[in-house]
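Chain by chain, the residues run as shown.
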Amino acid sequence: MKAIIIDDEKRARVSLSLLLQEYCPEVSIVAECENLPEGVKAIRKHQPDIVLLDIEMPGHSGLELLDFFDENEVNFSIIFTTAYNEYALKAFKFSAVDYLLKPIIPEELAEAVERVAKQKQRFENFRAFKENLQQETLTKIAVPSGNTLLFLDTDKIMYIKGEGAYSEVFCSDGNKQLVSRNLKNFEDILCSDSRFLRIHKSYIVNFNFVTAFNKSDGGSIELENKAQIPVSPDKAQQILDQIQIIKR
């Protein structure tokens, strides 16, 4: 596999090059570039399989790379190298985009290279990631369904029902998708957003679609589509707090 490194720091380029030589012998480095314009030229010239791309660079951010290419020109995978914060890492994770935190751990580099070799990333992965990173909340998530990655708008997710290792995602347009992520995975990503709350061991609800909270008979939430979602007894106060947050 052919690879290009784009990073404004020479030390970082040298370090990454040495790591690739030692831990990823199947990778051949065809160019090392210190800024984005040089990287774009190198990509057009060498047609690499992988681009290892720093995000924080002077002049142009690494996130601007795809602005230089049409969708049908993106036949390479990107592994971002970054020291980004926790929220950004969620954007990476749920956009199905590969990243390496600096300082780079050799084993994680080898694993990332192996992943992109097995499954080519799509242009939509990067578009979703960039949208998520520019917002205060995740706008689109990539979720696995069989051999396919589905891109779901978080605004349209009404509720998620967990079923063991799988979850069923119900959307406001009437669509529902069975995806191979457990409910805890969705909770870790979505429930830092004030719209979403896990109200039961089997359910996460988007409170933008809540129309009623019935505290009798064990408690339940009613959604705009008339779905009745059970509530765990210990979640009642949290639900009331959540409703107040949404109102504000």
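Here the structure is shown first, and the text comes after it.
Residues numbered from 1 in each chain as written. Predicted model: local features only at pLDDT ≥ 70, side-chain atom pairs only at ≥ 80, totals over all residues. Heavy atoms only, no water.

A. Fine view of the sheet that holds strand β11 (residues 196-200). Across the sheet, five strands lie side by side as β10-β9-β8-β12-β11; this open sheet has antiparallel pairing. Sheet topology places β10 (176-179) and β11 at the edges, where each strand pairs with a single neighbour. Between one strand and the next, the sheet's axes are offset by a mean angle of 20°, whatever the strand orientation. (Pairing = 2+ DSSP bridges. Helix = DSSP H or I, 4+ residues; strand = E, 2+ residues; numbered from the N terminus. Axes fitted to C-alpha atoms, helices over the stretch in contact; angles between N-to-C directions.)

B. Broad picture of the nonpolar core. Of all hydrophobic cores here, the largest spans 21 residues; its most connected members are I6, I43, L53, L65 and F76. Counting residues per element, the ones that place at least two in this core are β1 (2-6), β2 (28-33), α2 (36-46), β3 (50-54) and β4 (77-82). Considering each element in turn, this core owes the most residues, four residues, to α2. Not counting residues within four places of it along the chain, the set of residues in contact with L53 comprises I6, L36, G62, L65, I78, I79, F80 and T81. (Core = buried A, V, L, I, M, F, W, Y, C linked by side-chain atoms within 4.5 Å. Buried < 20%, exposed > 50% of the residue type's maximum accessible area, 1.4 Å probe, protein only. Contact = heavy atoms within 4.5 Å.)

C. Representation of the sheet that holds β1. Strand order in this open sheet of five strands is β2-β1-β3-β4-β5, and the pairing throughout is parallel. Here the strands that pair on one side only, and so sit at the sheet edges, are β2 and β5 (98-101). Direction aside, neighbouring strands of the sheet carry axes that sit 20° apart on average. Sheet analysis places β3 next to β4, joined by five bridges and oriented parallel. The residue bridging D54 from the neighbouring strand is T81, located in β4.

D. Highlighting the pattern of salt bridges. Applying the stated rule across the entire model yields eight salt bridges. Between K156 and D153 there is a salt bridge, with the nearest N and O atoms lying 3.9 Å from each other. Close ionic contact of E187 with R198 constitutes a salt bridge, the shortest N to O distance being 2.9 Å. Residue E187 is found in helix α6 (residues 183-190), and its partner R198 is found in strand β11; the two are separated by 11 residues along the sequence. For E187, a relative accessible area of 24% translates into the label partly exposed. Three or more residues joined by partner-sharing salt bridges are found here, namely D7, D54 and K102. (Salt bridge = Lys/Arg side-chain N within 4 Å of Asp/Glu carboxyl O.)

E. Structural context of unusual backbone geometry. With an omega of -5°, the peptide bond between K102 and P103 qualifies as cis. Inspection of the secondary structure assignment puts P103 in the loop between β5 and α4 (106-118). Phi at Q47 takes a positive value of approximately 50°, unusual for a residue other than glycine. Relative to the helices and strands, Q47 is located in the loop between α2 and β3. Despite not being glycine, K226 shows a phi value in the positive range, around 75°. Locating K226 in the fold gives a position in the loop between β14 (220-223) and β15 (228-230). Taking the relative accessible area as the measure of exposure, K226 reaches 60% and is therefore exposed.

F. Quick look at the packing of helix α1 (residues 10-23) against α4. Put simply, α1 and α4 touch, their axes get as near as 10 Å, and they point 70° apart. Considered as vectors, α1 and α4 are oriented roughly perpendicular to each other. On the side of α1, the interface is formed by L16, L19, L20 and Y23, while α4 contributes P106, L109, A110 and V113. In terms of residue class, the contact of α1 with α4 is made up of eight nonpolar, no polar and no charged. (Parallel < 35°, antiparallel > 145°, perpendicular 65-115°, else oblique. Nonpolar A, V, L, I, M, F, W, Y, C, P; charged D, E, K, R; others polar.)

G. Main features of α1. For α1, which comprises 14 residues, the first-to-last C-alpha distance of 20 Å matches the rise-based estimate of 20 Å (1.5 Å per residue) to within 8%. Listed as buried for α1 are A12, R13, L16, S17, L19 and L20. Taken around the axis of α1, the buried residues stretch over an arc of 165°, which confines them to a single face. For α1, the exposed residues lying more than 90 degrees away from the buried face are K10, R11, L18, Q21 and E22. Contact partners of the buried residues in α1: β1, β2, β3, β4 and α4. (Expected span 1.5 Å × (residues − 1). Arc of directions from axis to C-beta.)

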